[in-house]
Amino acid sequence: MVTNLATAAPALVSPGLDLELSFTQALQGLGLSPQVAHLIWLPLPMALVLVAAIVGVLVTVWLERKISAAAQQRIGPEYAGPLGVLQPMADGLKLLVKEDVIPARADGLLFTLGPVLVLVPVILSWLIVPFGQNLLISNVGVGIFLWISLSSIQPIGLLMSGYASNNKYSLLGGLRAAAQSISYEIPLALSVLAVVMMSNSLSTVDIVDQQNGAGVLSWNVWRQPVGFLIFWICALAECERLPFDLPEAEEELVAGYQTEYAGMKFALFYLGSYINLVLSALLVSVLYLGGWGFPIPVEWLAGWLGQSVDAPVVQVITASVGIVMTVLKAYLLVFLAILLRWTTPRVRIDQLLDLGWKFLLPLSLANLLITAALKLVFPSAFGG
Amino acid sequence: MTIANSTELICFVVLAAVVVLGSLGVVLLSNIVYSAFLLGGVFMAVAGLYLLLNASFVAAAQVLVYVGAVNVLILFAIMLVNKREDLKPVEGLQLRRLLSGGVCAGLLILLVRVVVSTPWAVPGPAAIGEGATERIGEHLFTDYLLPFELASVLLLMAMIGAIVLARRDVLEADVGTGDAVDQGLIEKPSTPLLVDQSTR
Amino acid sequence: MFGFLKKVADYTRDAVDAANYLGQGLSVTFDHLRRRPITVQYPYEKLIPSERYRGRIHYEFDKCIACEVCVRVCPINLPVVDWVMNKETKKKELRNYSIDFGVCIFCGNCVEYCPTNCLSMTEEYELAAFDRHSLNYDNVALGRLPTSVTTDPSVQPLRELAYLPAGVMDPHGVPADQPRAGQLPAQVLEQLQANAAAGDEGESIENAPVGDKANG
């Protein structure tokens, strides 16, 4: 899949830092053919992003525990490393060495396949997250649409693990998770569509480029405030975060579809949900908060300092600032999600479906239509 | 043969094998849940074939619609059906199997004939790639507008049918069996459940 | 027509209100983030139990007259009073006394009604045991005095919130001699008596009984 997509990197207007080009050129300088050089390059960004996703999860878990503790006037993890930063590692290690239990009457094959099907689409979705003009695995043309379609695979994994556990709580949790996931996918896709309409492209890089004309003022959040809120609510529902954590509502369903899982398979679910949270936060920052863009455009700053944008030093600084800004925005949103977790009570299933189908869906449709109308009336402000 | 070509060939063989074996599994497995999950796998493999043809938008749409919506709904229907009934042996099963096998074989022969007799242009037209999204949109809103709208009407009909089947309370008799529907616990606007006793 | 419009207006107002409440809730949560943790690091730090804390019951064998009042006032007749009648002296002779703290609810009725004050409540609350039968304390175990949190050299005693000086939330590092917020009943009484001595005599008579109880 990646072999086909990654080659389709279109010529971009603004140059930016192109690591791939310099890497393959260096390898070709050593006497390798361009194809072999490309083949050697391919796994590198994938491995890097996999590591980044895992590290992001570790950081998020630590933040979650620390911020939760602070919100409740506790201390939180304290002894594993300074300020407990190694606590997520200890958790992961514990899950890794735990016994892998498959219940006697469960369906062993589906039971094993379920967590994998939950995790793989989430990790695959990192393909399209840009950290800079050329700092992403592949600038796929269908970009954000790929993420939406990949995230629609997840419910199958949830249903599979819920069914295979041979446990009523698991089955109910899996069904709830799938129902919630497909209900909130629609307003999510519609609010993404409004953004796509303004940038005339599904590619995440184009979406960010379109927002970076005038720094913070040109971010999509000002042009799409309703879409931003809808997207954030739906993203929380897709990640099964509070107040939408019905699939694993412990008072009703023990732990939902995870009830029978232990050890590394449970860890896969855990990992999947946190990677999904970080990914959603990253995509909110890409779609609405200007992605890698600094609040003041770097080109202006370079101009004021009398530096050329193409100078190597400026390019390296731009790329670093881009990565920092993307991660910073994403983690601000993660912080907000954790704060929301301790603020809002869990909704009931009827309230959840009411909110999804009777409130968010009409609202996102209206948002889409208004965006279309505004685009026709003010083509300069809303993407011609 | 370059690396890219051989990778493509390997991918094609694997995907084709998954499609064929998976479809056979969907039909032949006795466990209906396995069939449904395998169907999802077949849809994914078909999406992979689209991807090999450089039609990424169609592939993504295939995953979104068939795997994410159709297959999940099939699984939902299987897992929510609460009816426990003993299956009666069907009369003349052997004959029925032979007949349906004959029909399927006839269809296969017809398709093979078409494939063999059609003069395929090799290589086919160049893939549009990234521009496909716009082209599909243009076609959907110009020359394929009528089929597009008809499909949506069909979906609307399916939705109304689902509502009628699911909400038995609006009907006097069961749609399937014709028995009178027990409406004892369904609140109607004319006769509320909490009748005020003092006015009687 | 207007009914519909009213519905739309109500719906919109509800949505705005809901968003408003969410914002308020978020600000409360955010405000709590600023506050210091009030965690007590348990085995190393312990809160000082309050004066009327109802912990494990202390029993003095020599004071007991085996009247069994404690058994009668106990909700579940828990204390076991093992005595025999000495025919010669015509007096009860107490042989054993035990209370099972695995069953006791620490209501304090026995302490309240004991005519000789041989029962009393201590501030000991760490009653964990590996075997529930070892919670059945006999008269020897009941006669042991607990180690006070303030005298235990391995424990850092911390004051409870109500015993901290005014405005202090965190018990760590508060000097032991700093007085608590407000006055103790005895101090209130002293104040009142001083006032009474200085001013009108009639008021002190009304307050005296209340003050006596607080002192006792």
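The rules we used
Residues numbered from 1 in each chain as written. Chains lettered and ligands numbered in written order. Predicted model: local features only at pLDDT ≥ 70, side-chain atom pairs only at ≥ 80, totals over all residues. Heavy atoms only, no water. Pairing = 2+ DSSP bridges. Helix = DSSP H or I, 4+ residues; strand = E, 2+ residues; numbered from the N terminus. Core = buried A, V, L, I, M, F, W, Y, C linked by side-chain atoms within 4.5 Å. Buried < 20%, exposed > 50% of the residue type's maximum accessible area, 1.4 Å probe, protein only. Contact = heavy atoms within 4.5 Å. Polar contact = N/O pair within 3.5 Å; in protein donor to acceptor, adjacent residues only side chain to side chain. pLDDT = per-residue confidence, 0-100. Axes fitted to C-alpha atoms, helices over the stretch in contact; angles between N-to-C directions. Parallel < 35°, antiparallel > 145°, perpendicular 65-115°, else oblique. Nonpolar A, V, L, I, M, F, W, Y, C, P; charged D, E, K, R; others polar.

A. Quick peek at the pairing of strand β4 (residues 91–100) of chain C. All names here are of chain C. Relative to β4, strand β3 (residues 80–86) runs antiparallel, the two sharing 7 bridges. Residue pairing for β4: V81 is matched across the bridge by Y97. Here β3 folds back onto β4, and the loop between the two strands holds 4 residues, one of which, K90, carries a positive phi near 55°. The pairing of β4 with strand β6 (residues 136–137) spans 2 bridges and is antiparallel. When the bridges of β6 are listed, I99 appears paired with Y137.

B. Here's a closer look at the nonpolar core. All names here are of chain A. Residues W126, I144, W147 and F231 are the most contacted members of the largest nonpolar core, which totals 97 residues. Sort the elements by how many residues they give to this core and helix α14 (residues 263–287) lands first, with 13 residues. Excluding residues that lie within four positions of it along the chain, I144 makes contacts with I128, V192, V196, L202, T204, L283 and L287.

C. Region of the structure containing the side chain of S151 of chain A. All names here are of chain A. Mapped onto the elements, S151 comes out in helix α7 (residues 143–151). Using a relative accessible area of 9% as the deciding quantity, one classes S151 as buried. At 3.3 Å, the side chain of S151 and the side chain of E185 are in polar contact. Beyond its immediate stretch of four places on either side in the chain, S151 contacts E185 and E238.

D. Focus on the confidence of the model for chain A. Residue and element names in this part refer to chain A. With 95% of its residues at a pLDDT of 70 or more, chain A has an overall mean of 83. For chain A, helix α1 (residues 2–6) is the element with the lowest average pLDDT, namely 36, and helix α12 (residues 225–238) is the one with the highest, namely 91. Taken together, the stretch residues 1–15 has pLDDT below 50 and engages in 26 contacts with residues farther than four places along the chain or on a different chain.

E. Inspection of the packing of helix α3 (residues 34–41) of chain A against helix α4 (residues 43–71) of chain A at higher detail. All names here are of chain A. Interhelical geometry of α3 versus α4 gives an angle of 10° and a closest axis separation of 5 Å. Comparing their axes, α4 and α3 come out roughly parallel. Seen from α3, the contacting residues are L39, I40 and W41; seen from α4, they are P43, L44 and P45. Tallied by class, the residues present in the contact of α3 with α4 amount to 6 nonpolar, no polar and no charged.

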